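Here's the letter readout for the chains.
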Amino acid sequence: MPPTQPALPDEASAPGSSEGRTVLDARDISRALSRISHEILERNKGSQDLVLLGIPSRGVHLAQRVAAKMSEVEGAEVPVGSLDITMYRDDLRMRPARTLSPTEIPAGGIDDKVVVLVDDVLYSGRTIRSALDALNDIGRPRAVQLAVLVDRGHRELPIRADFVGKNLPTSTAEKVAVRLGEYDGEDAVTIR
Ligand SMILES: O=P(O)(O)OC[C@H]1O[C@H](OP(=O)(O)OP(=O)(O)O)[C@H](O)[C@@H]1O
Ligand SMILES: O=c1cc[nH]c(=O)[nH]1
């Protein structure tokens, strides 16, 4: 792991605000999701047997956007659902009170499918570890891949993303916030 460092000056595309500096705006996010969609299709030679599962909350909206872009390219619907990882977290004992989100697995399930997990930020990797445990209770995919809008580094587990919208060098003191129109009223990635 390289030494931590603050985001590079040219990462900032807007002045700071109470939400922090904007590092991706709506068009950047759209372009990154388009690229990820194409990369997923290229890696998997099309959309057959693909299932996209977003991790609530924002990962679900990102998965829906990626699925829509893939459907435009392929001319076929790509199944998309959501995977709640709450009860699989490794810090449940420390913070037992949690709000659950729905897990919705598309018709056809995940057995023998290629499941692409979709999340907004990849940081320690603990959310994705939880997601792998959650999947294990649902079925046995042929393969599991990971797409994230932002990889900010600082992994604590041997987990990496297959598809990354933006690698964002950060210090551990910083916080990356992804905002999406469906959930937050606007699209932006900020760092503060
Ligand atoms: O790699 P990790 O260290 O697990 O961090 C990444 C996770 O952190 C955030 O979720 P958070 O638990 O903050 O909840 P949120 O989705 O409601 O923001 C983010 O949405 C990722 O799911
Ligand atoms: O900076 C961070 C770290 C974890 N999860 C986030 O959404 N942002």
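Parameters and conventions
Residues numbered from 1 in each chain as written. Chains lettered and ligands numbered in written order. Predicted model: local features only at pLDDT ≥ 70, side-chain atom pairs only at ≥ 80, totals over all residues. Near = placed C-beta within 6 Å. Helix = DSSP H or I, 4+ residues; strand = E, 2+ residues; numbered from the N terminus. Nonpolar A, V, L, I, M, F, W, Y, C, P; charged D, E, K, R; others polar. UniProt positions renumbered as here; feature names shortened; annotations may be inferred. Expected span 1.5 Å × (residues − 1). Buried ≥ 20, exposed ≤ 12 C-beta atoms within 10 Å, placed from the backbone. Arc of directions from axis to C-beta. Contact = placed C-beta atoms within 7 Å. Pairing = 2+ DSSP bridges. Axes fitted to C-alpha atoms, helices over the stretch in contact; angles between N-to-C directions.

Remarks on the site of ligand 1
All residues adjacent to ligand 1 are Ile-55, Ser-57, Arg-58, Asp-119, Asp-120, Val-121, Leu-122, Tyr-123, Ser-124, Gly-125, Arg-126 and Thr-127. Taken together, the elements giving at least two residues each to the shell around ligand 1 come down to strand S4 (114-122) and helix H3 (126-136). Of the residues forming the shell around ligand 1, the biggest block, four residues, is contributed by S4. Split into classes, the residues belonging to the shell around ligand 1 amount to four nonpolar, four polar and four charged.

What about the UniProt feature "domain: Phosphoribosyltransferase" (unreviewed entry) in the protein?
Here the UniProt feature "domain: Phosphoribosyltransferase" (unreviewed entry) sits at residues 23-165. In residues 23-165, the share of helix is 32% and the share of strand is 22%. The end C-alpha atoms are 12 Å apart.

Quick word on helix H1 (residues 26-43)
The end-to-end C-alpha distance of H1, which contains 18 residues, comes to 26 Å, matching closely the 26 Å that a straight helix rising 1.5 Å per residue would cover. Within the span of H1, buried status applies to Ile-29, Leu-33, Ile-36, Ser-37 and Ile-40. Buried residues in H1, looked at end-on, bunch into an arc of 105 degrees, giving them a common side. Every exposed residue of H1 that faces more than 90 degrees away from the buried side is listed here: Arg-27, Arg-31 and Glu-42.

Describing H3
By the burial criterion, the buried members of H3 are Thr-127, Ile-128, Ser-130, Ala-131, Ala-134 and Leu-135. In an axial view of H3, the angular spread of the buried residues amounts to 155 degrees, which keeps them on one side of the axis. Contacts made by the buried residues of H3 are with S4 and strand S5 (143-151).

Observations regarding the sheet that holds strand S8 (residues 188-191)
Here we have three strands laid out as an open sheet, ordered S1-S8-S7, and antiparallel in their pairing. Strand pairing shows two members of the sheet lacking a second neighbour, strand S1 (21-24) and strand S7 (176-179), which therefore form its edges. This sheet shows a mean twist of 35 degrees between the axes of neighbouring strands, independent of strand direction. Pairing of S7 with S8 involves four bridges; the strand directions are antiparallel. Within S8, the residue paired with Val-176 across the bridge is Ile-191.

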